[in-house]
Amino acid sequence: MESGNATDVDALLASAKSGDACALSTLFGMYQNYIKLLAASQVRSRLRVRASASDIAQETFLNAHRGFENFRGTTGGEFVAWLRSILTRRIQYLVQQHVQSQVRDVRKEVSIEAIGKSLDRSSIRLETVFQAGSPSPSAQLQRHDRSVHVANALAELSDDYREVLMLRSVEGLGFKEVAARMQRSHGATRMLWLRAIEALRDRLGNGDGL
């Protein structure tokens, strides 16, 4: 689903709060790739949860649908923050289920604050990928949520391109670890990453996701 500008999102949100189910469904669709990518960044890099990012995203939106009548925000930014808070609580629950038997400080590992900060870092890295793909974004692009825009573009890339960008640019791993994860040589991994950046630049530059 394409991301919209702030005015469009706010208008959809107002309609959804007035009871328009189609508007709410459209809003969820706009942020589906973004929430799924954030879930994947936590599942794979930091928390090591044995769970599907798609399942986590689906559960997040299901919970959002159930609790939407309690949402008090009026802007797209507040809506995204609300979705992320639901995602954070879902990840916390999953981690509690999977690490409670391990010898570690579980309370520190699964705190809302720690998970929220980790999600923030992933979102900031998405903006960095945006800058790599489109060094001079137009004024129109600047009005969009950059992280959501990149998540939509990443979803359109090939599996290998998306994987190397996730590991290197979103999860922040070094090339040596990325190469080991992808079972490639260091040089081949670096070249794959450069080609993936170029493919992302094409996606961001031709108007897709606007």
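Residues numbered from 1 in each chain as written. Predicted model: local features only at pLDDT ≥ 70, side-chain atom pairs only at ≥ 80, totals over all residues. Heavy atoms only, no water.

When helices and strands are counted, the chain shows 12 helices and 0 strands. When its helices and strands are written in sequence order, the chain yields α-α-α-α-α-α-α-α-α-α-α-α. Burial analysis of the chain (210 residues in total) assigns 45% to the buried set. The long-range share in the chain, meaning contacts at least 24 apart out of those at least 6 apart in sequence, stands at 67%. (Helix = DSSP H or I, 4+ residues; strand = E, 2+ residues; numbered from the N terminus. Buried < 20%, exposed > 50% of the residue type's maximum accessible area, 1.4 Å probe, protein only. Contact = heavy atoms within 4.5 Å.)

Moving on: the pattern of salt bridges. Overall, the coordinates contain 4 salt bridges when judged by the stated rule. The closest approach of N and O atoms between Asp159 and Arg162, which form a salt bridge, is 2.7 Å. Placement of both Asp159 and Arg162 in helix α10 (residues 159-170) is noted, with a separation of 3 residues, approximately one turn of the helix. Classification of Arg162 by relative accessible area gives partly exposed; the value is 25%. (Salt bridge = Lys/Arg side-chain N within 4 Å of Asp/Glu carboxyl O.)

A word on the confidence of the model for the chain. Mean pLDDT over the chain stands at 79; residues scoring 70 or higher make up 73%. Within the chain, helix α2 (residues 21-30) carries the highest mean pLDDT (95), whereas helix α8 (residues 139-142) carries the lowest (38). Counting contacts from residues 133-144, a segment whose pLDDT is below 50, to residues more than four positions away or on other chains yields 17 contacts. (pLDDT = per-residue confidence, 0-100.)

A word on the layout of surface pockets. Size it by volume and the largest pocket reaches roughly 400 Å³. In this structure, the largest pocket is lined by 20 residues; those nearest its centre are Asn33, Lys36, Leu37, Ala40 and Arg162. Those elements that provide at least two residues to the lining of the largest pocket are α2, α3 (32-46), α4 (53-67), α9 (146-155) and α10. If one sorts the elements of the lining of the largest pocket by residue count, α3 sits on top with 6 residues. In terms of residue class, the lining of the largest pocket is built from 10 nonpolar, 5 polar and 5 charged. (1 Å grid on protein atoms, 1.4 Å probe; cavity = no way out; pocket = protein on both sides within 12 Å on 5 of 7 lines; lining within 4 Å. Points joined across faces, edges and corners; volume = space filled by probe spheres on them. Nonpolar A, V, L, I, M, F, W, Y, C, P; charged D, E, K, R; others polar.)

A word on the side chain of Thr88. Following the sequence through the fold, Thr88 ends up in helix α5 (residues 76-99). A polar side-chain atom of Thr88 sits 2.8 Å from the main-chain carbonyl oxygen of Arg84. (Polar contact = N/O pair within 3.5 Å; in protein donor to acceptor, adjacent residues only side chain to side chain.)

If you walk through the whole model with that rule in mind, you get 10 aromatic pairs. With a centroid separation of 6.0 Å and an interplanar angle of 40°, the aromatic rings of Phe79 and Trp82 are classed as tilted. With Phe79 and Trp82 both in helix α5 and 3 residues apart, the pair spans about one turn of that helix. On the basis of relative accessibility, which here comes to 0%, the residue Phe79 falls in the buried class. Against the face of Phe175 rests Arg168, its NZ or CZ located 4.4 Å from the ring centre. One residue, Arg168, lies across the ring of Trp193, its end atom 5.9 Å from the ring centre. (Phe/Tyr/Trp six-rings, centres within 6.5 Å; stacked < 30°, edge-to-face > 60°. Lys NZ or Arg CZ within 6 Å of the ring centre and 35° of its normal.)

With respect to the secondary-structure elements, Ser15 resides in helix α1 (residues 6-17). When near neighbours in sequence (up to four residues on either side) are disregarded, Ser15 contacts Asp20 and Ala23.

A separate point is unusual backbone geometry. One non-glycine residue with positive phi stands out, namely Gln183, at about 55°. Among the structural elements, Gln183 can be located in the loop between α11 (175-182) and α12 (186-205). You can call Gln183 exposed: its relative accessible area is 75%.

What follows is about the nonpolar core. Most often, soluble globular proteins keep nonpolar side chains buried together rather than apart. Core analysis: the biggest nonpolar cluster contains 56 residues, and Tyr31, Phe79, Leu83 and Leu165 have the highest contact counts within it. Here this core gets 9 residues from one element, more than from any other, and that element is α5. (Core = buried A, V, L, I, M, F, W, Y, C linked by side-chain atoms within 4.5 Å.)

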